[in-house]
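Descriptive structure summary
Below are the chains, spelled out letter by letter.
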Amino acid sequence: MTLDSHQALRLGRETLEIEASALLNLRSRIDERFVQAVELMLHVRGRVVVMGMGKSGHVGRKIAATLSSTGTPAFFVHPAEASHGDLGMVKPVDVVLAISNSGESEELTAILPILKRLGVPIIAMTGNLGSSLARHATVCLDSSVDREACPLNLAPTASTTAQLALGDALAVALLDARGFRAEDFARSHPGGALGRRLLTHVRDVMRQGPAVPKVPMEASFVELMREMSAKGLGASAIVDGADHVVGIFTDGDLRRLVERGVDLRPLRAVDVMHASPKTIPDTALAAEAAALMEQHRINSVLVVDSAGQLCGALNSHDLMQAKVI
């Protein structure tokens, strides 16, 4: 068995051309039937139950997952298992999305009469509009393709690509109709990078209480250095008597004073601080704190509460540990 590299390249490119053409042809079939399918899924009182056999079943699992993650409750039921008890998972308040290129999968057609008896609306996604599935469907979506990308025109390739794309089209139309936002997406993906960026607030990752470096305005320079060394933030807040932030002093400020040869011993915190430093509310997203530090090229930021009092601090290392950046 030897590989013909030219043949492999030709077939690879031809496969993409065939599947791209199938999707472009599918675009013209997004019509009123598509709108009806979206309406059924949008107003379902239960869930969207996705079914399919073989490769269509694999596609169906992905479609169910995409729907669920974008605001439309959905799950996959294997048609063969449905005939042996799992059909009890389907309720009259549900909608079934049945996927079959031929529309004649025995395991699927066997349960269609039961679904009809339950009064469950059936959305068919099939490449055969004259099939049993199409005839029993409440709404039928045409996912037919001119040919498979397989050289034998047998293996599901272009047809499953069309099914997958049509499922994505349904999901996108539904999320838009629901007013689904990035924050909603993040809530269903709390373990992912997007979830961390959109759900993690400054108060969740900031240093609090005794871990926050701060000194009063009249503190000596030595006291300021001791506080910075003890807390390890690389900076210290300077506060007034009401704990409002009036300034900040950083490691960088120290280096610049030393380079200038300034006599530091008689100085107080108020003499060396940067007045009116950048602060961020504790209710802000951690991603906003990261953007603030990047915009102003600073490594740490002080956190204030609704009364403007110092309540925390964080630096870029804290955000990296929380995997916000």
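Please refer to the structure placed before this passage.
The rules behind the values
Residues numbered from 1 in each chain as written. Predicted model: local features only at pLDDT ≥ 70, side-chain atom pairs only at ≥ 80, totals over all residues. Heavy atoms only, no water. Helix = DSSP H or I, 4+ residues; strand = E, 2+ residues; numbered from the N terminus. Rg over C-alpha atoms; globule rule 2.2 N^0.38 Å. Areas by Shrake-Rupley, 256 points an atom, 1.4 Å probe, with all protein chains shown as cover. Lys, Arg positive; Asp, Glu negative; His and termini not counted. Charge placed at Lys NZ, Arg CZ, Asp CG, Glu CD. Pairing = 2+ DSSP bridges. Axes fitted to C-alpha atoms, helices over the stretch in contact; angles between N-to-C directions. Contact = heavy atoms within 4.5 Å. Core = buried A, V, L, I, M, F, W, Y, C linked by side-chain atoms within 4.5 Å. Buried < 20%, exposed > 50% of the residue type's maximum accessible area, 1.4 Å probe, protein only. Arc of directions from axis to C-beta. 1 Å grid on protein atoms, 1.4 Å probe; cavity = no way out; pocket = protein on both sides within 12 Å on 5 of 7 lines; lining within 4 Å. Points joined across faces, edges and corners; volume = space filled by probe spheres on them. Nonpolar A, V, L, I, M, F, W, Y, C, P; charged D, E, K, R; others polar.

What follows covers the overall build of the chain. Broken down by element type, the chain carries 16 helices and 12 strands. Its C-alpha atoms give the chain a radius of gyration of 31 Å, clearly above 20 Å, the size a compact globule of 325 residues would have. Taken along the three principal axes of its C-alpha coordinates, the chain extends 90 × 55 × 35 Å. For the chain, the exposed surface amounts to about 16,900 Å²; the carbon and sulfur share of it is 54%. If the 33 positive side-chain charges of the chain are averaged to one point and the 36 negative ones to another, these points end up 1 Å apart.

If you walk across this open sheet you meet the 3 strands as β10-β11-β12, and the pairing is mixed. Each edge of the open sheet carries a strand with a single partner, namely β10 (279–281) and β12 (310–315). Sheet twist, expressed as the average angle between the axes of neighbouring strands with direction ignored, equals 35°. Sheet topology note: the strand β11 (residues 300–304)/β12 ladder contains 5 bridges and is antiparallel. Its bridge partner being in β12, Leu302 is matched across the sheet by Ala313. The sheet strands contacting helix α15 (residues 286–296) are β10, β11 and β12, and the helix crosses β10 at an angle near 165°.

So, on to the sheet that holds strand β8 (residues 245–250). Spatial strand order, β6-β7-β8-β9: 4 strands in an open sheet with mixed pairing. Looking at strand neighbours, the two that pair on one side only are β6 (214–216) and β9 (274–275), the edges of this open sheet. Relative to β9, β8 runs antiparallel, the two being bridged by 2 bridges. Residue pairing across strands places Gly247 opposite Ala275, the latter belonging to β9. Packing of helix α12 (residues 221–231) onto the sheet brings it into contact with β6, β7 (235–239) and β8, and relative to β8 it is tilted by some 75°.

Right, let's get into the nonpolar core. By size, the foremost hydrophobic cluster in this structure holds 26 residues, and its most contacted members are Val48, Val50, Leu67, Leu97, Leu141 and Leu170. Those elements giving two or more residues to this core turn out to be α2 (32–42), β1 (48–52), α3 (54–69), β2 (74–76), β3 (95–100), β4 (122–126), β5 (139–142) and α8 (158–177). Here the element with the most residues in this core is α8; it accounts for 5 residues. Every residue in contact with Val48, bar those within four places of it in the chain, is listed here: Met41, Leu67, Thr72, Pro73, Ala74, Phe75, Val95 and Leu97. Val49, Ala82, Val120 and Cys140 belong to the second-largest nonpolar core, a separate cluster that totals 20 residues.

Here the focus is helix α13 (residues 251–259). Residues separated by three or four positions in an α-helix point in the same direction, a consequence of the helix having 3.6 residues per turn. Turning to α13, its buried residues are Gly252, Asp253 and Leu257. The buried residues of α13 all sit within an arc of 135° when viewed along its axis, so they share a single face. Along α13, the residues that are exposed and aim more than 90 degrees away from the buried face are Arg255, Val258 and Glu259. Two residues or fewer past α13, Gly261 is found with a positive phi of approximately 75°.

It is worth spelling out empty space enclosed by the protein at this point. What the rule picks out here adds up to 1 cavity of 30 Å³ or more. Approximately 40 Å³ is the volume found for the largest cavity. In this structure, the largest cavity is lined by Arg29, Ile30, Asp31, Arg33, Phe34, Leu141, Asp142 and Leu166. Elements supplying a minimum of two residues to the lining of the largest cavity: α2 and β5. Residue classes in the lining of the largest cavity are distributed as 4 nonpolar, no polar and 4 charged.

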